[in-house]
Amino acid sequence: MGLKLFQRARSKSLLQAMENAETYDEWAELAAEYDHEHGLDDWKQDDACESYDYRSLRQRLDVLRDLRFRGDFHQLLFALNEGVHGNLGGMGKPSLYNKARLGTKTLITRYIDELCGALKDLNEVSDDIIPLQEKQDFFLRASHCNGRSALMLSGGAVLGFFHAGVLKALFEQGLLPEIISGSSAGSILAATACTHHDDELRHRLSLDNLHHDVEETTAIRPTLSLLGNNRPAMDADNLRDYLAKIIPDMTFQEAFELTGRKLNITVTGLSTQQAPRLLNAITSPNVLIRSAVMASCAIYGVYPPVTLMCRNAAGETVPYLPGMKWIDGSFADDLPAKRLARLYGVNHFISSMTNPAALAITPDPDVPRTRLRSLVNFQAHFVKMGAAEAMRFSRDNIRIKSPVISLMQHLTYGILAQDYTADINIFLRNRWDHPLRLLAPPTREAMHRLIHEGERSTWEKVEMVRNCTAVSRTLDHILHSRGWEK
């Protein structure tokens, strides 16, 4: 009995220390200690598991290891041409990363390391052995088939500062995807990440930088106006001043040329006939990022709708689609996975979720399931789909004369109909209990908690992100270094 009490107290102490860790290295050391004390090292070393096809993975590992050892590059190329898969045998399943606090099956990590090493070997082998054109053809095909990863930052008003911690944690581990989307509050942090060089990004995501600017401009101080008039204009000016301090005055194309990151911002049309748009260097290269962020943050009834601005051929700032106005991007496409897949070949998505509406109707899919949790999740999904279908029927079949009510009906359906989950989900855990707090400037302490929680929640997913993106990162590095990007 005494030993069990000691072990229970030790576990609680380690978990508390992990919660208070200041760096990922500190957190990972504590997590590894926790796993060791709970016998999870043995689970990691044991290949067998019903969650993935460990036999195929082990066989594939042996083949790659043997070909690399013998230097048989022609046969290695043939073996890799059979398929470069980032999720071979289901090795990317969340259940494989929920068992232990740090990492997963050693077989999975060894296989990914071997595969990435094989790709690097083929890239570096003499052109006399594998002709340059043959290499180029292979790597372009492999990249296209394997796909890329994207990070999607949701809306969430003040809770969006959680995203700063997510970005910071991924950046410090060299795991920040090149493709980043943001809607509403997420667009602020996505734009920050995609408009600054690596050498200054850490500072731009820091508490001192973000909170200092909030204090100076009182950036978020809305006045409710459900009739959609212009009463909130002054508060929109405060937000505009805040954005001017943290986001440079540049277009999507200029940001891409500066950082190489692909920024994407979603906006929702004010009219029910306007389809939502995903703004980026491909679809709208000359649009000014600050105006896109203003539009994506324009919560209906809180901030006035926004006309997008762009830079014309003469370098002048002029309206973009002047007859249209735009509002909060999270209403229609908070996590624009389908559009990112079509534009960039993305097939692996990481989400940072702080949207209160989404959190209310979407259980965290990565939390280990029990029978009770599965039943609750099913019921929540059933209720959500039923409400969405009822709202769709009402929207499409019941004529409402009031344009405001019609728009609210349209936006409510948009919120209910969306899918708020991704391949890797980083969910805000501590959800604020008072809606008005979402629309007020956070104290320094509150912002610190949000940023730290973003980091802490991301640390739990770092090894999963590292493994699931390793192949695409290796392929992207090879293509970038060779100048073979399409």
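In this text, all values refer to a predicted model and were calculated from it rather than measured experimentally. (Residues numbered from 1 in each chain as written. Predicted model: local features only at pLDDT ≥ 70, side-chain atom pairs only at ≥ 80, totals over all residues. Heavy atoms only, no water.)

Colleague: I'm lost on the confidence of the model for the chain in this one. Help?
Modeller: Interpretation of this model should avoid reading the predicted coordinates in detail wherever pLDDT is low. In this model, the chain carries an average pLDDT of 86, and 83% of its residues clear a pLDDT of 70 or more. Across residues 213-234, where pLDDT falls below 50, the model places 56 contacts with residues more than four positions away in sequence or in other chains. Predicted confidence is poor over residues 372-378, with pLDDT under 50, and the contacts of this stretch with residues over four places away or in other chains come to five contacts. (pLDDT = per-residue confidence, 0-100. Contact = heavy atoms within 4.5 Å.)

Colleague: I keep staring at helix H7 (residues 106-124) and nothing clicks. Help me out?
Modeller: Residues separated by three or four positions in an α-helix point in the same direction, a consequence of the helix having 3.6 residues per turn. In a regular helix each residue adds 1.5 Å, so 19 residues correspond to 27 Å; H7 covers 27 Å between its end C-alpha atoms and thus fits that length. Of all the positions in H7, only Leu 107, Ile 108, Tyr 111, Ile 112, Glu 114, Leu 115, Cys 116, Gly 117, Ala 118, Leu 119, Leu 122 and Asn 123 are classed as buried. Of the surrounding secondary structure, the elements contacted by the buried residues of H7 are helix H4 (54-70), helix H5 (73-81), helix H6 (95-98), helix H8 (132-146) and helix H22 (462-482). (Helix = DSSP H or I, 4+ residues; strand = E, 2+ residues; numbered from the N terminus. Expected span 1.5 Å × (residues − 1). Buried < 20%, exposed > 50% of the residue type's maximum accessible area, 1.4 Å probe, protein only.)

Colleague: Just to check I follow, could you spell out the side chain of Arg 261 for this structure?
Modeller: Within the secondary structure, Arg 261 sits in the loop between helix H14 (252-259) and strand E3 (262-269). Relative accessible area serves as the criterion here: at 8%, Arg 261 is assigned to the buried category. From its side chain, Arg 261 meets the backbone oxygen of His 196 in a polar contact 3.2 Å long. With near-sequence residues (within four places) excluded, Arg 261 lies in contact with Phe 171, Leu 176, Glu 178, Ile 180, Ala 193, Cys 194, His 196, Asp 198, Leu 201 and Phe 256. (Polar contact = N/O pair within 3.5 Å; in protein donor to acceptor, adjacent residues only side chain to side chain.)

Colleague: Would you take a moment to explain the packing of aromatic side chains for this structure?
Modeller: The geometry of two aromatic rings is summed up by the distance between their centres and the angle between their planes. A full pass over the atoms with the stated rule returns four aromatic pairs. The interplanar angle of 65 degrees and the centroid separation of 5.0 Å between the aromatic rings of Phe 138 and Phe 139 together place this pair among those described as edge-to-face. On the basis of relative accessible area, Phe 139 is assigned to the buried category, the value being 1%. One aromatic cluster in this structure is built from Phe 138, Phe 139 and Trp 484. The positively charged end of Arg 101 is found above the aromatic ring belonging to Tyr 34, 5.1 Å away from the centroid. (Phe/Tyr/Trp six-rings, centres within 6.5 Å; stacked < 30°, edge-to-face > 60°. Lys NZ or Arg CZ within 6 Å of the ring centre and 35° of its normal.)

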